[in-house]
Each structure stands twice: as structure tokens, then as C-alpha cells.
Amino acid sequence: MSQEQATAAKSGAAGAAGSTGEAEEDLSEDKPMSFWEHLDELRKRLVRSVLVFFAACMVGWELREKLLHFLSIPYVQAWKEQNLPGNPSLHFGAPAAAFVAYFKLSMIGGAALASPFIFYQLWAFVAPGLYAREKRYVIPFVLFSTLLFVGGGLFGWRAAFPISFGYFLSMAGTVEGGGLTITPTVMMGDYLDFVAQLLLGFGIIFEIPLIVLFLSIAGVINYLQLILFGRWFVFVAFVIAAVLTPPDVTSQLVMAIPMCLLYVLSIGLAYVFGKPPTDAQRAAYKKRKEKEVSKG
């Protein structure tokens, strides 16, 4: 064997060994995690998320007055539109109540600021169970989940808050027949609890398309199953809206209708990007539709 042939043989052997090493590394990366390893990974992700959340809450505390001013704009406008006497005001009934209310407000701001990191930790926790091509969606997932969460809160602030506060404050004034006046005394802590409930509710429901897209890519659900579940989702949407919003119909529609529209968008995303249904699922869907048509 010539010297050139020997060199080529050695380089080929080295390349084969390198590719074998890379394959073994890939296999080691794809090695299933045990139950206790999953728990340890979850603990790490939760600890990191909590630490970043508390750091964001400290920033929110420094911005508490600006946050309160921003969140109270719909309330102030509704007060003026109802022509209530005096200036719009919030009250606290105990010495430490204002501090507690501001602390809750800093948590609201902290949740918004820390949401990108928290969503990344969520993705990092589920990433070991995904294929390599699915792990590439980490940046779009974090970006769009943050935009949808914050955007949902802003939508609630812009659309639902004025309607809700207008409805509540419309109950103030002189009772028919005279002799009795109903004066609003809105407590600061109660106000922020109500605001946080609506912000969180709208932030979560705006995540529906992303959650459905993720589940459809993973093959857990498909667009045919979403279509079949559509009528039940409408019912669920109005139940959730009735729980999270004031008892007036308008406020419930402001939350329920966007939920239904987001669900329709989710069906489209699952159709375009999700795994297609199997032949058995298509046959079951067709059979069920034919049965519904025959009953109708």
C-alpha cells in the first residue's frame, strides 16, 4: 500500500469515527429523561422564572405610579362620562392597604416584563420531548407568545375596561324618587384585583392560537377535531366570559367574541402548519357530518 493510500485510509477511518461520535452525541441528546430528571428540570425552570419575576416586580415597583395612571385611564374616563361629582378617586381603608395595592400592581407589571423569559423557560422545559425540526421554533414561540399575552391585556384595557367601568359607574347617582344618592367609593385594592383578573383573562385567551398551533404541530390535535369541537368551544367561551367579566351582556360579548374568532384562526393555523389527520380520522369526520346532516 502506497503512502497516499495509507493516508486516505486513516482520514476515512477518522471521518467515520467522527461521524460515529456525532451520532452517539445525537443519540445521547435524544435519550429519554426519567421521571425524576423531568422533576429536576421543572424545578430549575420554575426557580429561574420566579427569580426573574421578582426582579421584574422590583422594576414594576419603581414604576408603580405610572402603571396606576395607565390602568386607571378607562376608569377616569368612565367617571367623567357619567358626570359624577368630584374628581375620580380610589380609596384605601387600612394604613397598609395602599402598600398592598401597590405591591399587587408591581406584580402585574412584573408579569408583563418577565413574560418573555417565562415563556422561554416553558419552551425549554418541553423542548427535550420535541424533534429537532420542532425545536427551531423557540424564537417564534417566545416572540409571539409574549406579543399575544401583552396584546391581549392591551385589548382588554382598550375594549373591555371602558365598557365595564361605564356599566358599574352608571349605577351611581340619585335613586328614582329622590331622597337617596348612591356614591361610588372604589377601593384601591379591589380596583386592582378586578383589573388584574381582566388583564390575565384576556392575556390567556389570546394565547389560544399559539397553543393550538403547538399541539397541532406535535400531532396531538388536528383541524378536523377542532372543527368538531367548535360548537362546544362557543359554549365554553361564553361561560368563561360570564365568569371573568361583569354581569352585563356587552362586557361578556367583548371577551367571548374575540375568543371565538381566535378559535377560528387556530383552525386555519392547524390546517396550514399542523400534522394532517389520518385516513381513519377523515373517515370518522365524514361519517359524523353525514349523520348530523341526516338528523337535520
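Just so you know, these numbers come straight off a predicted model, no measurement behind them.

1. Notes on the overall build of the protein
Part 1 of the argument: Assigned secondary structure in the protein consists of 13 helices and two strands.
Part 2 of the argument: Counting only residues that meet the buried cut, the protein has 33% of its 296 residues in that class.
Part 3 of the argument: Nonlocal contacts in the protein, meaning residues at least 24 apart in sequence, comprise 79% of its contacts between residues at least 6 apart.

2. Comments concerning the packing of aromatic side chains
Part 1 of the argument: Inspection of the entire model under this criterion finds 20 aromatic pairs.
Part 2 of the argument: Taking 5.8 Å as the distance between ring centres and 65 degrees as the angle between the ring planes, the aromatic pair formed by W123 and F214 counts as edge-to-face. Note that W123 is positioned in helix α5 (residues 97-126) and F214 in helix α9 (residues 208-217), a separation of 91 residues in sequence.
Part 3 of the argument: Residue classification places W123 among the buried residues on the basis of a relative accessible area of 5%.
Part 4 of the argument: Judged by relative accessible area, which is 26%, F214 ranks as partly exposed.
Part 5 of the argument: Seen from their ring centres, F165 and F194 are 5.8 Å apart, and the 55 degrees between their planes marks the pair as tilted. Linking F165 in helix α7 (residues 138-169) with F194 in helix α8 (residues 188-205), this pair joins segments that are 29 residues apart in sequence. Across this residue pair, the class does not change: F165 and F194 are buried.
Part 6 of the argument: Chaining the aromatic ring pairs together yields one cluster made of Y75, W79, F161, F165, Y167, F168, Y191 and F194.

3. So, the packing of α5 against α8
Part 1 of the argument: Remark: α5 packs on α8, axes separated minimally by 9 Å, with the N-to-C direction vectors making an angle of 15 degrees. Put simply, α5 runs roughly parallel to α8. Considering only the axes of α5 and α8, their crossing is left-handed. Contacts from A98, A101, Y102, K104, L105 and I108 of α5 reach α8 at M188, G189, L192, D193, A196 and L199.
Part 2 of the argument: Of the residues belonging to the contact of α5 with α8, the class tally is nine nonpolar, one polar and two charged.

4. Details of the environment of A97
Part 1 of the argument: Positionally, A97 belongs in helix α5.
Part 2 of the argument: Considering only alpha carbons, one finds A97 and G189, 92 residues apart in sequence, at a separation of 7.0 Å.

5. Side note on the nonpolar core
Part 1 of the argument: Counting residues in each nonpolar core, the largest one holds 47 residues, and the members touching the most others are F165 and F202.
Part 2 of the argument: Aside from chain neighbours lying at most four places away, what touches F165 is P74, Y75, A78, Y191, F194 and V195.
Part 3 of the argument: Membership of the second largest hydrophobic core comes to seven residues, among which are F119, W123, F149 and L210.

6. A few points about the environment of L224
Part 1 of the argument: Locating L224 in the fold gives a position in helix α10 (residues 223-228).
Part 2 of the argument: For L224, a relative accessible area of 8% translates into the label buried.
Part 3 of the argument: Here the alpha-carbon distance between L224 and K286, two residues 62 residues apart in the chain, equals 9.7 Å.
Part 4 of the argument: The contacts of L224, once residues within four sequence positions are left out, are P277, Q281, R282 and Y285.

7. As for a nonpolar patch on the surface
Part 1 of the argument: On the surface, a cluster of nonpolar side chains totalling about 600 Å² of accessible area is made up of F229, W232, F235, V236, V239 and V243.
Part 2 of the argument: Of note, V236 is situated in helix α11 (residues 230-244).
Part 3 of the argument: We classify V236 as partly exposed; its relative accessible area is 33%.

8. A closer look at the pattern of salt bridges
Part 1 of the argument: Within the structure shown, the criterion is met by four salt bridges.
Part 2 of the argument: As a salt-bridge pair, R43 and D40 come within 2.9 Å of each other at their nearest N and O atoms. Residue R43 and its partner D40 are located together in helix α2 (residues 35-62), separated by three residues, close to a single helical turn.
Part 3 of the argument: We note a salt bridge from K104 to D193, for which the minimum N-O separation is 3.1 Å. With K104 in helix α5 and D193 in helix α8, this pair connects stretches of sequence that are 89 residues apart.
Part 4 of the argument: Classification of D193 as partly exposed rests on a relative accessible area of 35%.
Part 5 of the argument: The structure contains a network of salt bridges with shared partners spanning D40, R43 and K44.

9. A few points about the packing of α8 against helix α12 (residues 249-273)
Part 1 of the argument: Two elements in contact, α8 and α12, have axes separated by 10 Å at closest approach and are oriented at 15 degrees. Put simply, α8 runs roughly parallel to α12. Regarding α8 and α12, the two cross each other, and that crossing is right-handed. On the side of α8, the interface is formed by G201, F202 and I205, while α12 contributes V254, M255, M259 and L262.
Part 2 of the argument: Class assignment for the residues of the contact of α8 with α12 results in six nonpolar, one polar and no charged.

Rules behind the numbers
Residues numbered from 1 in each chain as written. Predicted model: local features only at pLDDT ≥ 70, side-chain atom pairs only at ≥ 80, totals over all residues. Heavy atoms only, no water. Helix = DSSP H or I, 4+ residues; strand = E, 2+ residues; numbered from the N terminus. Buried < 20%, exposed > 50% of the residue type's maximum accessible area, 1.4 Å probe, protein only. Contact = heavy atoms within 4.5 Å. Phe/Tyr/Trp six-rings, centres within 6.5 Å; stacked < 30°, edge-to-face > 60°. Axes fitted to C-alpha atoms, helices over the stretch in contact; angles between N-to-C directions. Parallel < 35°, antiparallel > 145°, perpendicular 65-115°, else oblique. Left-handed = near helix turned anticlockwise from the far one by under 90°. Nonpolar A, V, L, I, M, F, W, Y, C, P; charged D, E, K, R; others polar. Core = buried A, V, L, I, M, F, W, Y, C linked by side-chain atoms within 4.5 Å. Patch = residues over 30% accessible without salt bridge, like charges linked within 9 Å, V, L, I, M, F, W, Y side chains within 5 Å. Areas by Shrake-Rupley, 256 points an atom, 1.4 Å probe, with all protein chains shown as cover. Salt bridge = Lys/Arg side-chain N within 4 Å of Asp/Glu carboxyl O.

These figures capture arrangement, not role.
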